[in-house]
Amino acid sequence: ENTHLIDWLFNYTTIMITFFFILVVAGLIGFSYLYHHKRHPKSLYTYGNKKIQILFATIVGIAVFFGIDLNIVRISNEDFTKVFINWPDETKEEVIKVEVLGQQWMWSFRLAGKDGVFNTEDDVVTVNDLRVPVGKKVYFQITSKDVIHSFFIPNARRKVDAIPGRITKMRMKFTKEGYWNIACAEMC
């Protein structure tokens with residue numbers, strides 16, 4: 001549902017990295033051309049001005065930190081707190097609850113039945129296959145049987161760790177119908 005926020009931040013980061021990469025490469029090529037040995041046959045050895053070099057490096061570092069790094073952190077934290085954690089009240093709408101158990105080379109899923117309670121007669125249990133309706137909110141409770149796994153749905157750009165002895169949560173709403181891979185982003 002909110003993958004556009006993750007895509008936008010990824011694209012912003014890629015554009016900023018590309019821009020500064022091109023700037024650095026242009027500087028390297030430009031200075032290589034300006035100070036080519038044919039133009040300056042005799043080298044000039046200088047130790048430079050340490051105060052100016054330190055000031056320049058500090059200003060560039062602070063500008064990059066505040067202009068890019070802090071901006072990326074601000075945007076991602078804003079998205080995380082306002083969208084991904086701030087989930088509407090589950091008691092007001094129908095929410096599909098899914099228990100996810102990670103274990104080496106497989107995912108086990110338990111969907112709460114009509115009663116909405118786990119470990120009852122009407123639960124649906126599957127292995128490596130999860131089917132949920134489009135347009136419904138899905139509430140995942142994720143844990144691991146053996147080691148740390150990472151429950152990853154690449155099409156949704158969402159990932160959360162499955163940790164033994166701990167329940168982690170992920171909420172999402174699928175807006176498109178289709179076959180979506182579920183992967184583990186950790187090496188078992």
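Refer to the preceding data block for the structure.
Residues numbered from 1 in each chain as written. Predicted model: local features only at pLDDT ≥ 70, side-chain atom pairs only at ≥ 80, totals over all residues. Heavy atoms only, no water.

Counting secondary structure elements, the chain contains two helices and eight strands. Reading the chain from its N terminus to its C terminus gives the helix and strand order α-α-β-β-β-β-β-β-β-β. Each principal axis of the C-alpha distribution contributes one length, and for the chain these read about 85 × 35 × 30 Å. A total of 188 residues make up the chain; the buried ones form 23% of that total. The long-range share in the chain, meaning contacts at least 24 apart out of those at least 6 apart in sequence, stands at 56%. Working note: accessible area of the chain is about 13,800 Å², and carbon and sulfur atoms make up 62% of it. (Helix = DSSP H or I, 4+ residues; strand = E, 2+ residues; numbered from the N terminus. Buried < 20%, exposed > 50% of the residue type's maximum accessible area, 1.4 Å probe, protein only. Contact = heavy atoms within 4.5 Å. Areas by Shrake-Rupley, 256 points an atom, 1.4 Å probe, with all protein chains shown as cover.)

Next up on the list: the packing of aromatic side chains. One pass over the structure, following the stated rule, counts eight aromatic pairs. Their ring planes at 80° and their centres at 5.3 Å tell us that Phe-65 and Phe-66 sit as a pair that is edge-to-face. Ring centres of Trp-107 and Phe-151 lie 5.1 Å apart, and the angle between their planes is 75°; this geometry places the pair in the edge-to-face category. Within this pair, whereas Trp-107 is found in strand β2 (residues 106-111), its partner Phe-151 is found in strand β5 (residues 149-153), the two being separated by 44 residues in sequence. No difference in accessibility class separates Trp-107 from Phe-151, as the two residues are buried. (Phe/Tyr/Trp six-rings, centres within 6.5 Å; stacked < 30°, edge-to-face > 60°.)

The next subject is unusual backbone geometry. Positive phi is not limited to glycine here, since Trp-105 has a value of about 65°. Within the fold, Trp-105 resides in the loop between β1 (95-103) and β2. Residue Trp-105 is classed as exposed on the basis of its relative accessible area, which comes to 68%. Phi at Asn-119 is positive, roughly 65°, even though this residue is not glycine. Of note, Asn-119 is situated in the loop between β2 and β3 (124-127).

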